[in-house]
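Examining the three-dimensional arrangement
One letter stands for each residue in the lines below.
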Amino acid sequence: MLFDFVLLDKLRAVRHIAVFTGAGVSAESGIPTFRDAQTGLWANYRAEDLATPDAFRRDPITVWNWYAWRRELMRDAQPNPAHLAIAQLQRLVARVSVITQNVDGLHLRAGSREVIELHGNIWNNLCSQCSQPAHRIEGAQEVQTRCTHCGGRLRPGVVWFGEALPAAAWARAAEVLEAADVFFCIGTSSLVEPAASLPRHARSCGRTVIQINPEATSHDEIAQYVLRGKAGQVLPELLQAAWPQNS
Ligand code: OAD
């Protein structure tokens, strides 16, 4: 892929890069994106119908079974070249902040140090009553396990549809937006608010917005640069082009 020389010069000069990611950045690790149809037993379910407080209240067993299935999908997943390239940026730029909608934990496993998990982390549990974090007990029937503080039922430590994002994570994302020079928007359909508003806000703050996605999204029109392709291919090539001596 050929890159605009102005973009490459800008990347070499910046001090702070923000990287906003969605499920597409984990697609090459074998984790289906939300827009991919669900498979197997879950083919007739929509994420929007399972990842909600109401669904959990009505049928906690089905919701827990769905998360156990998703954890199983993610268990053997490895960081792919996109995650690794984002982590490698830390050796090339003074500060790299990752703001992710993903709950798979792969940015942390790839070595990214500043990771803001807007939608939580599927590997964590918390109490559905008092929100206290709860240790995961391998193999335990989590739907039966109770909170040691209040006796409430445990739930996965992720944000559900209709819930507010964690205030601390959102505040950190806003700070990054104000501070970063360049804002990458990678592997997201930008359909779910409020996360989807971040690239628009970055542009309105005067940041250089770079979109990486094999398909067009509504954010193409706000990005100064649209790199059409898979993140696992585009990002390593972009680092090689911008920092040939270090990549
Ligand atoms: P989506 O499944 O909505 O979108 C995935 C995006 O990744 C699409 O735009 C694809 O074109 C793109 N894509 C696919 N393969 C790619 C690749 N190899 N490289 C780069 N991009 C690729 O996932 P999200 O945008 O992350 O919310 O969805 C956002 C939120 O909606 C999720 O966090 C979740 C979901 O409902 C909650 O769970 C609250």
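The structure displayed is predicted, hence computed values, not measured ones. (Residues numbered from 1 in each chain as written. Predicted model: local features only at pLDDT ≥ 70, side-chain atom pairs only at ≥ 80, totals over all residues. Heavy atoms only, no water.)

A volume near 250 Å³ is recorded for the second largest pocket. Looking at the second largest pocket, it is lined by 15 residues, and the ones nearest its centre are Trp 64, Ala 68, Arg 71, Ala 140 and Glu 142. Here the lining of the second largest pocket is composed, by residue class, of six nonpolar, three polar and six charged. (1 Å grid on protein atoms, 1.4 Å probe; cavity = no way out; pocket = protein on both sides within 12 Å on 5 of 7 lines; lining within 4 Å. Points joined across faces, edges and corners; volume = space filled by probe spheres on them. Nonpolar A, V, L, I, M, F, W, Y, C, P; charged D, E, K, R; others polar.)

Let us look at the pattern of salt bridges. Counting across every chain of the model gives 10 salt bridges. Here Asp 49 ties to Arg 46 by a salt bridge, and the two come within 3.1 Å at their closest N and O atoms. The partner of Arg 75 in a salt bridge is Glu 72, and the shortest N-O contact between them spans 3.2 Å. Taken as a pair, Arg 75 and Glu 72 lie in helix 4 (residues 60–75) at a separation of three residues, close to a single helical turn. (Salt bridge = Lys/Arg side-chain N within 4 Å of Asp/Glu carboxyl O. Helix = DSSP H or I, 4+ residues; strand = E, 2+ residues; numbered from the N terminus.)

Further remarks concern the nonpolar core. If you look at the biggest cluster of nonpolar residues, it comprises 31 residues, and the most contacted ones within it are Leu 11, Ile 17, Val 19, Phe 184 and Ile 186. Elements supplying a minimum of two residues to this core: helix 1 (5–13), strand 1 (16–21), helix 5 (81–88), strand 2 (95–100), strand 7 (182–186), strand 8 (208–213), strand 9 (225–228) and helix 9 (231–242). The element contributing the most residues to this core is helix 9, with six residues. The contact partners of Phe 184, leaving out residues within four places of it in the chain, are Leu 11, Ile 17, Ala 18, Val 19, Phe 20, Ile 210, Ile 212 and Leu 238. (Core = buried A, V, L, I, M, F, W, Y, C linked by side-chain atoms within 4.5 Å. Buried < 20%, exposed > 50% of the residue type's maximum accessible area, 1.4 Å probe, protein only. Contact = heavy atoms within 4.5 Å.)

Time to look at the pairing of strand 4 (residues 120–127). In the sheet, strand 4 pairs with strand 6 (residues 154–158) via four bridges, with the strands oriented antiparallel. Paired with Gly 120 across the bridge in strand 6 is Val 158. The pairing of strand 4 with strand 5 (residues 133–134) spans two bridges and is antiparallel. Of the residues in strand 5, the one forming a bridge with Asn 125 is Ala 134. Between strand 4 and strand 5, which pair antiparallel and follow one another directly, the connecting turn spans five residues, one of which, Ser 131, has a positive phi of 65°. (Pairing = 2+ DSSP bridges.)

Looking now at empty space enclosed by the protein. Throughout the structure, instances matching the rule amount to one cavity of 30 Å³ or more. In this structure, the largest cavity spans a volume of roughly 40 Å³. Around the largest cavity sit Thr 100, Asn 102, Asp 104, Gly 105, Leu 106, His 107, Leu 108, Val 115 and Glu 117, which together line it. At the level of secondary structure, the elements contributing two or more residues to the lining of the largest cavity comprise helix 6 (106–110) and strand 3 (115–117). Class assignment of the residues belonging to the lining of the largest cavity gives a composition of three nonpolar, four polar and two charged.

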